[in-house]
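# A structural walkthrough
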Amino acid sequence: MGTVQGGISRRALLQGAAAGVPAVALGSSPAKAEDRTRKAAPHRLGTNRHLFIDEFLIAEKKDVTLCVNPPQRKELVIIPDRPWERGGITSYCNVMWDPHTKEYRLYYVPVHLDSDPIFRLAMATSKDGIHWNKPNLGAVEWQGSKENNIVIDGQREGTVMIDPNGTPQKRYVFLSSEGRLKTRLFTSPDAVHWTMHPMQISKHHSDSQISSFWDDQLKKYVHYPRVGHRGRATGRVVTSRMDEVWPEQIPLVISGDDRDPPDVDLYTNSAQKYALADDVYLAFPTPYYHYNPSHRSYLNQPTLQAGGKTNDGTIDTQLAVSRDGKAWIRYRTPYVPLYQHEELHLKINMVFPGLLYHDTHIGQYFGGYAFTHGDTQARRRLKGRALGGIFRLEQRIDGFVSADFAYGGGTLDVGPVVVVGNALVLNLNTSAAGEGRVGLLDGQDKPISGFGVKDCEFINGDYLARRVTWKGKSDVSALAGKPMRLRFEMRGTKLFAFQFQGHKA
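Note that the structure is a prediction, hence the values are computed from the model and not measured.

Moving on, we get to the overall build of the chain. For the chain, the count of helices and strands is two helices and 41 strands. Counting every position in the chain, which comprises 505 residues, the buried fraction comes to 58%. Within the chain, residue pairs in contact and separated by at least 24 positions form 65% of the contacts whose partners lie at least 6 positions apart. Summed over its atoms, the accessible surface of the chain is roughly 20,700 Å², and 51% of this surface lies on carbon and sulfur atoms.

Turning next to the packing of aromatic side chains. Evaluated as defined, the whole model comprises 24 aromatic pairs. On the basis of an interplanar angle of 90° and a centroid distance of 6.2 Å, the ring pair of Phe52 and Phe488 is categorised as edge-to-face. Linking Phe52 in the loop between strand S3 (50–51) and strand S4 (58–62) with Phe488 in strand S40 (residues 484–491), this pair joins segments that are 436 residues apart in sequence. In this structure Phe488 comes out as buried when scored by relative accessible area, which is 0%. Measuring from centroid to centroid gives 6.5 Å for Phe352 and Tyr365, while their planes differ by 15°, and the two rings are stacked. With Phe352 in the loop between strand S31 (348–351) and strand S32 (356–357) and Tyr365 in strand S33 (residues 361–369), this residue pair connects regions lying 13 residues apart in the sequence. Through a chain of ring-to-ring contacts, three or more aromatic side chains come together here, namely Tyr274, Phe284, Tyr335, Tyr357 and Phe400.

Counting 64 residues, the largest nonpolar core has Tyr274, Leu426 and Phe488 as its most contacted members. Residues within four places of Phe488 in sequence aside, it is in contact with Phe52, Phe405, Gly410, Thr411, Leu412, Val414, Leu426, Arg437, Val438, Leu495 and Phe498. Formed by 31 residues, the second largest nonpolar core is a distinct cluster that contains Leu121, Val151, Val192 and Tyr369.

A few words on the pairing of S31. The alternating pattern of S31 places Ile348 and Met350 on one face and Asn349 and Val351 on the opposite face, and all of these are buried. In the sheet, S31 pairs with S33 via four bridges, with the strands oriented antiparallel. Across the sheet, the residue bridging to Val351 is Phe366, located in S33.

With that settled, consider the pattern of salt bridges. All chains considered together, the criterion is met by 31 salt bridges. In this structure, Asp375 engages Arg381 in a salt bridge whose closest nitrogen and oxygen atoms are separated by 3.0 Å. Residues participating in the shared-partner salt-bridge network are Asp81, Arg82, Glu85 and Lys134.

Another point: the environment of Lys61. Among the structural elements, Lys61 can be located in strand S4. By relative accessible area, Lys61 is classed as partly exposed at 24%. Taking C-alpha positions, Lys61 is 9.7 Å from Ala403, a pair spaced 342 residues apart along the chain. In this structure the side chain of Lys61 is engaged in a polar contact, spanning 3.0 Å, whose partner is the side chain of Glu55.

This next bit is on the sheet that holds strand S21 (residues 252–254). Strand pairing within a sheet occurs via backbone hydrogen bonds; the two strands may be parallel or antiparallel. Strands sit in the order S18-S19-S21 across an open sheet of three strands; the sheet is antiparallel. Each end of this open sheet is capped by a strand with a single partner; those strands are strand S18 (226–228) and S21. Adjacent strand axes in the sheet meet at a mean angle of 65° when their direction is disregarded. Pairing analysis gives three bridges linking S18 to strand S19 (residues 232–235), with the strands arranged antiparallel. Directly across from Val227, in S19, lies its bridge partner Ala233.

This brings us to the sheet that holds strand S20 (residues 237–239). Strand order across the open sheet formed by three strands is S16-S17-S20, with antiparallel pairing between neighbours. One side of each edge strand has no neighbouring strand; the edge strands of this open sheet are strand S16 (211–215) and S20. Each strand axis lies, on average, 20° off the axis of its neighbour in the sheet, ignoring direction. Of the pairings in the sheet, the one linking S16 to strand S17 (residues 220–224) comprises five bridges and is antiparallel in character. Bridging from a neighbouring strand, Phe213 pairs with Val222 of S17.

With the exception of glycine, most residues fall at negative phi, and the peptide bonds are largely trans. Omega for the bond connecting Gly415 with Pro416 falls within 30 degrees of zero, at 10°, which places this linkage in the cis form. For Pro416, the position within the fold is in strand S36 (residues 410–419). Despite not being glycine, Lys219 shows a phi value in the positive range, around 60°. Position of Lys219 relative to the elements: it lies in the loop between S16 and S17. Notably, Lys471 is not glycine yet its phi reads approximately 50°, a positive angle. Within the secondary structure layout, Lys471 lies in the loop between strand S39 (462–467) and S40. Classification of Lys471 as exposed rests on a relative accessible area of 62%.

The subject of this paragraph is the pairing of strand S25 (residues 287–290). Across three bridges, strand S22 (residues 264–266) lies against S25 in antiparallel orientation. Within S25, the residue paired with Val264 across the bridge is Tyr289. Two elements, S25 and strand S26 (residues 313–315), share three bridges in a ladder whose sense is antiparallel. Bridge pairing links Tyr288 to Ile315 in S26.

Moving on: the side chain of Arg120. By the element assignment, Arg120 lies in strand S9 (residues 120–126). In this structure the side chain of Arg120 is engaged in a polar contact, spanning 2.9 Å, whose partner is the side chain of Asp153.

A separate point is the environment of Gln340. Positionally, Gln340 belongs in strand S29 (residues 340–341). The spatial distance from the C-alpha of Gln340 to the C-alpha of Ala370 is 9.1 Å, given a sequence separation of 30 residues. Side-chain polar atoms of Gln340 contact the backbone oxygen of Glu342, separated by 2.8 Å. In terms of polar contacts, Gln340 uses its side chain to reach the side chain of His345, at 3.4 Å.

How each quantity is defined
- In every chain, residue numbers begin from 1 and rise along the written sequence.
- Restriction of local features to residues with pLDDT of at least 70 applies here, the model being predicted, together with a cutoff of 80 or more for giving and counting side-chain atom pairs; totals for whole chains, interfaces and linings are based on all residues.
- The basis for every side-chain value is the complete set of heavy atoms in the structure, and neither hydrogens nor water enter the calculation.
- Think of it this way: any DSSP run of H or I at least four residues long counts as a helix, any run of E at least two long counts as a strand, and we number them from the N terminus.
- Burial classification: accessible surface area is computed with a 1.4 Å probe over protein chains only, and a residue below 20% of its type maximum counts as buried, one above 50% as exposed, and the rest as partly exposed.
- By the convention used here, residues are in contact when the closest approach between their heavy atoms is within 4.5 Å.
- Computed by Shrake-Rupley with a 1.4 Å probe, the accessible areas treat only the displayed protein chains as cover when residues are assessed.
- Stacked, tilted and edge-to-face are the three classes applied to pairs of Phe, Tyr and Trp rings, where Trp contributes its six-membered ring and a pair requires centres within 6.5 Å; stacked means planes under 30 degrees apart, edge-to-face means over 60, and tilted covers the rest.
- What makes a nonpolar core is a set of buried Ala, Val, Leu, Ile, Met, Phe, Trp, Tyr and Cys residues whose side-chain atoms join them at distances within 4.5 Å.
- Strands qualify as paired when DSSP identifies two bridges or more between them.
- Here, a salt bridge means any Lys or Arg side-chain nitrogen found within 4 Å of an Asp or Glu carboxyl oxygen.
- Pairing of N or O atoms within 3.5 Å defines a polar contact, subject to two protein rules: one partner must be a possible hydrogen donor and the other a possible acceptor, and residues neighboring in sequence count only if both atoms are side-chain atoms.
- To obtain an axis, a line is fitted to C-alpha atoms, over the contacting stretch when the element is a helix, and the angle between two such axes runs from 0 to 180 degrees between their N-to-C directions.

Okay, structure coming up:
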């Protein structure tokens, strides 16, 4: 597993963002943006990595566009092939690296049609994130036997996580929502044997997966349950303890709006903190397109909901980004669109929580199914692989969004910022016909002697951490603590991130 690099703790303020507002609608004209940044106090970036997920810190840009980069779609890694999985696997899953057991763990919800309750939480393990095992854990009895990988009976709507503040007996936590019990906390010493907390955490029933994590910037626990707004939407709860009772009112943070079709709401959210940058939060909202009676040739079940919607239709995944976990920008292009995987025509693609950090890429996973949301008979009609299952994705490190420079060239000014470190490194891909240069500007927007764009040696290639050099020199330590702006002049290039780092030993 690759090394996770942190940065200086600094909460960046999101400029111009609002929940549910599309990124393309944000941002100011170059002149207004430049006026704003000239008047602003320099942002103390330090050694923190800056990702181009939004317009934050961008003072001016010309022929540069922010673009979402969908991950590479890889293998179908887990299919329903056990008796207690006869009805398939739901999309309420999460994946994590467990440093205590030195393995990847994937928690998923198998469905068995002829038992009550039909939902259970099960666990699979892996050494590489590609090949998964379903161990016999001996934790929960199913049909007279504990020879299975089930860990909790009757639960599905939560995220298993390691509590950084938990005692050894409560090292793992699972905050789940279920109709009868509402929202309850489960704790475990090994993430296999679980105990339910006696007190109800909330009367709220999410009826969708709750994404929970420890926010290392807030030093708080953050939870993203489903709330009601335009059908389905996402709320946010912040607590000091995992067993803290939630407030009755849950603020709305991600939802559909008038730019979305009226038959679309947002199902799950998979909100999480990005470990490689202090001020980056990612979510993967899943637009659910409800068929209506006019789509009768597609409908698998005609039950109408409020507004004439049915509970049948297709679902895929988009990308939302934030600098504080409260104000979100949602990109409307698919992050994982509907597609055909071998013989499977996938009609539901829902990315679930968990980012597995490797040296060159990030592993993500999604539930993909060959039937629509309301096709309840598909679970009886289809079997095994034909149902779909859990698929693997690979995303470039920092690669979720990039500043894309036009093929003929573009410029991008960032700052003012105050940095420390000895070298500037870039995550970028110029492709064969592109190139890039960077200049450092002083408070009067003049090139700093020896560090101008004309002094920079051109960059051509695909790099995760390309050190910038000016006339053969890369040491920028003399500029530490001084306000500056960065000017990127590039052609045909995707620029993902930059960071000021110290020299490697």
